[in-house]
Amino acid sequence: MAGSDADVAGGAPAGTGSIAGSILLIPWYYASSVFEIVRGAFTHPKSLEQGLVFSGSLLAILTAHEFGHYLFCRYYGVDATLPFFIPQPPLLIPGTFGAFIRMKSPVPSRRALFDIGLAGPLAGFIVIIPIAFAGVLTLHHVPLLAGEASGAGSGITFNDPLLFRLIARAFKIDLDNSAANSLYLAAWFGALVTALNLMPVGQLDGGHGTFAAFGKFLHHWIGRVAFVTMAVISVLGWFWHGSPSGFVYVVLLAVMLNVRHPQPEQMEPLGSMRVAIGIITLIVFALCFLPFPITIT
């Protein structure tokens, strides 16, 4: 995806001839860049509108995800907070570090752990589906110039998860030669968050499901296999795609491996219905997961 350089308003402050002076320039340039973006948004209302569509769509996905957890906590009598949303500083993408709820009492049973853990990503995925359809179906086709190869040029390419590719194939849309829009990007980040949360590690949502389905011993080893697998994939992504994005998975999994998973008070059988839900959750993971989220050229 091609970007454009913006002129920084105003002149740089004096005293920039040393390393210390250069470091002091960082907050100056940061504040100037934020000012230019804000000014540009109000100067070009269309950009502001697109930003609101993106943020509103992404927040809808995150809200559905967290309230999936919260409502099942209430159902099982688990004391939990309402969702907390974590904003990012300006200029960072996608503008949020996500959201979370905090459970303040033990999970009473294996079934409760399974339901609470998987309700979040499944609820979020339900909201992702219409946004992904709208985003893919409204993509703007970018025709290639004569002699130009697909993917030529420099910049960041958002690789398409399987869900997007299936939608595009059904409606005969060329994803490789299209410019991403606000709905597409919101669904893309929502799918990335869903895949991250469904990793079978620690106290991630997928870790809760793995613990409930297979118990403490297999939860321990499945998490470590997932960590090693993602570490290898991240290195390959660096060499094949010039992208450090896979290391986001590795850092998150490394943290989660060191977080002890609490034992439910009762470990009763899950039952056939929850086994089916577990299979559906694996399909959701496959539809959202990207081993190499972005390519840098």
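Whatever comes next refers back to the structure up there.
Every chain begins its residue count from 1, and numbering advances along the sequence as written. The predicted origin of the model limits local features to residues at a pLDDT of at least 70 and limits the giving and counting of side-chain atom pairs to 80 or more, whereas totals for whole chains, interfaces and linings rest on all residues. Only hydrogens and water are set aside when side-chain values are computed; all heavy atoms of the structure are taken into account.

## Some remarks on the overall build of the protein chain
The test is simple: Runs of E in the DSSP output that reach at least two residues are strands. Runs of H or I that reach at least four are helices, and both are numbered from the N terminus. Whether a residue is buried, partly exposed or exposed follows from its accessible area with a 1.4 Å probe, protein chains only, as a fraction of its type maximum: under 20%, in between, or over 50%, in that order. The criterion used for residue contact is that any of the two residues' heavy atoms lie within 4.5 Å. Reported accessibility uses the Shrake-Rupley method at a 1.4 Å probe radius. Residues are deemed covered only where the shown protein chains occlude them.
A tally of helices and strands in the protein chain yields eight helices and six strands. Per-residue burial over the protein chain gives 40% buried out of 297 residues. Contacts in the protein chain between residues at least 24 apart in sequence constitute 76% of all its contacts with a sequence separation of at least 6. Roughly 16500 Å² of accessible area belongs to the protein chain as shown, and the carbon and sulfur atoms make up 70% of that amount.

## A look at the nonpolar core
Quick note on the threshold: In these notes, a set of buried Ala, Val, Leu, Ile, Met, Phe, Trp, Tyr and Cys residues joined through side-chain atoms within 4.5 Å is what counts as a nonpolar core.
Counting 53 residues, the largest nonpolar core has Val136, Leu163, Phe164, Tyr184, Trp188 and Met230 as its most contacted members. Taken together, the elements giving at least two residues each to this core come down to helix 2 (45–75), helix 3 (110–137), helix 4 (162–170), helix 5 (182–197), helix 6 (205–241), helix 7 (246–257) and helix 8 (272–288). Of all the elements, helix 5 adds the most residues to this core, at 10 residues. Not counting residues up to four positions away in its chain, the partners in contact with Met230 are Met199, Tyr249, Val250, Leu253 and Phe289. With six residues, the next largest nonpolar core counts Tyr70, Cys73, Ala80 and Ile101 among its residues.

## Focus on the packing of helix 3 against helix 4
In helix packing, the relevant descriptors are the interaxial angle and the interaxial distance, both defined with respect to the helix axes. Let me state the cut-off plainly: The convention used is that axes are lines fitted to C-alpha atoms, helices contributing only their stretch in contact, and that angles between N-to-C directions extend from 0 to 180 degrees. Relative orientations are named as follows: roughly parallel for angles under 35 degrees, roughly antiparallel for angles over 145 degrees, roughly perpendicular for angles from 65 to 115 degrees, and oblique for any other angle. Crossings are sorted by hand: turned counterclockwise from the far helix by less than a right angle, the near helix makes the crossing left-handed, and turned clockwise it makes it right-handed. In this classification, Asp, Glu, Lys and Arg are treated as charged, Ala, Val, Leu, Ile, Met, Phe, Trp, Tyr, Cys and Pro as nonpolar, and every other residue, Gly included, as polar.
Where helix 3 meets helix 4, the axes come as close as 10 Å, and the angle between the chain directions of the two elements is 45 degrees. By the angle between their directions, the pair helix 3 and helix 4 is classed as oblique. Relative to helix 4, helix 3 is oriented so that their crossing is right-handed. In this structure, helix 3 contributes Phe125, Ile128, Ala132, Phe133 and Val136 to the contact, and helix 4 contributes Leu163, Phe164, Ile167 and Ala168. When grouped by side-chain class, the residues that make up the contact of helix 3 with helix 4 number nine nonpolar, no polar and no charged.

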